[in-house]
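What follows is each chain in one-letter form.
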Amino acid sequence: MRKQRAIAAITGCAAATVLASAIPAHAEGSWSSSMSGVRTGFDSRTWSDKNTDNTSTYISLSGCSNGGLGAPVSNTQLQLTRETSWYEPDENRGRYTYYCSTSASHYFGDQPSGSYHFTVTKIQGSTSGYYLKVNSVYTRY
């Protein structure tokens, strides 16, 4: 009986070790918000990623709509931007189209240290003419 308990304990510890190694590292930071009455060209708040971890920058949107303004909306394109010195152009770190009438998310990869924001570059596939409301914006870096 002791032998069976010892084997069960070892097996349980091994399973816990495998499970623990499968859990990703904790993100350095995160924030959540919402957007309302947004047009293309809108910039989010700026956050600082010190790149002290190996976590991918992640942006999730849920509940996209027109917020009662103009034509119906079900998608938007965001550009992740790394801010640079005033005399250099900011870095485009990737664009992604979110089909977020329910929810959508995207990983932008592990980013170098710096200050970041995202910009709404398209709404409903267009660079103008639409308003955007997003019930929930979640950013992890």
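To start, this report covers the structure provided alongside it.

Cut-offs and rules
Residues numbered from 1 in each chain as written. Predicted model: local features only at pLDDT ≥ 70, side-chain atom pairs only at ≥ 80, totals over all residues. Heavy atoms only, no water. Helix = DSSP H or I, 4+ residues; strand = E, 2+ residues; numbered from the N terminus. Buried < 20%, exposed > 50% of the residue type's maximum accessible area, 1.4 Å probe, protein only. Contact = heavy atoms within 4.5 Å. Pairing = 2+ DSSP bridges. Axes fitted to C-alpha atoms, helices over the stretch in contact; angles between N-to-C directions.

This next bit is on the overall build of the protein. Within the protein, the regular secondary structure consists of one helix and eight strands. Helices (α) and strands (β) of the protein occur, in sequence order from the N terminus, as α-β-β-β-β-β-β-β-β. Looking at the protein residue by residue over its 141 residues, the buried ones come to 32%. Intrachain contacts of the protein at a sequence separation of at least 6 include 77% that bridge at least 24 residues.

Read from one edge to the other, the open sheet built from four strands follows the order 2-7-4-5, with strand pairing classed as antiparallel. Each edge of the sheet is formed by a strand with only one pairing partner; in this case those strands are strand 2 (47-49) and strand 5 (91-99). Here the average twist between neighbouring strands, direction ignored, is 35 degrees. Bridge count for strand 4 (residues 75-83) against strand 5 is seven bridges, and the pairing is antiparallel. Counterpart to Q77 in the pairing with strand 5 is T97.

Spatially, the four strands line up as an open sheet ordered 1-8-3-6, and their pairing is antiparallel. Taken across any chain shown, the strands that pair with only one partner, and hence form the sheet edges, are strand 1 (30-38) and strand 6 (103-107). Looking at each pair of strands side by side, their axes are set apart by 20 degrees on average, direction ignored. By the bridge criterion, seven bridges tie strand 3 (residues 58-65) to strand 8 (residues 132-140) in an arrangement that is antiparallel. Bridge pairing in strand 8 links S65 to K133.

Counting through the fold element by element, Q111 comes out in the loop between strand 6 and strand 7 (114-123). Those residues in contact with Q111, other than ones at most four positions away along the chain, are D49, N51, T57, L80, R93 and Y116.

Before going further, it helps to examine the environment of Y138. Residue placement: Y138 occurs in strand 8. Overall, Y138 belongs to the partly exposed group, its relative accessible area being 30%. Between the alpha carbons of Y138 and S62 there is a distance of 8.9 Å; along the sequence they are 76 residues apart. In this structure, Y138 is in contact with S30, W31, S32, Y58, I59 and S60, ignoring residues within four places of it in sequence.

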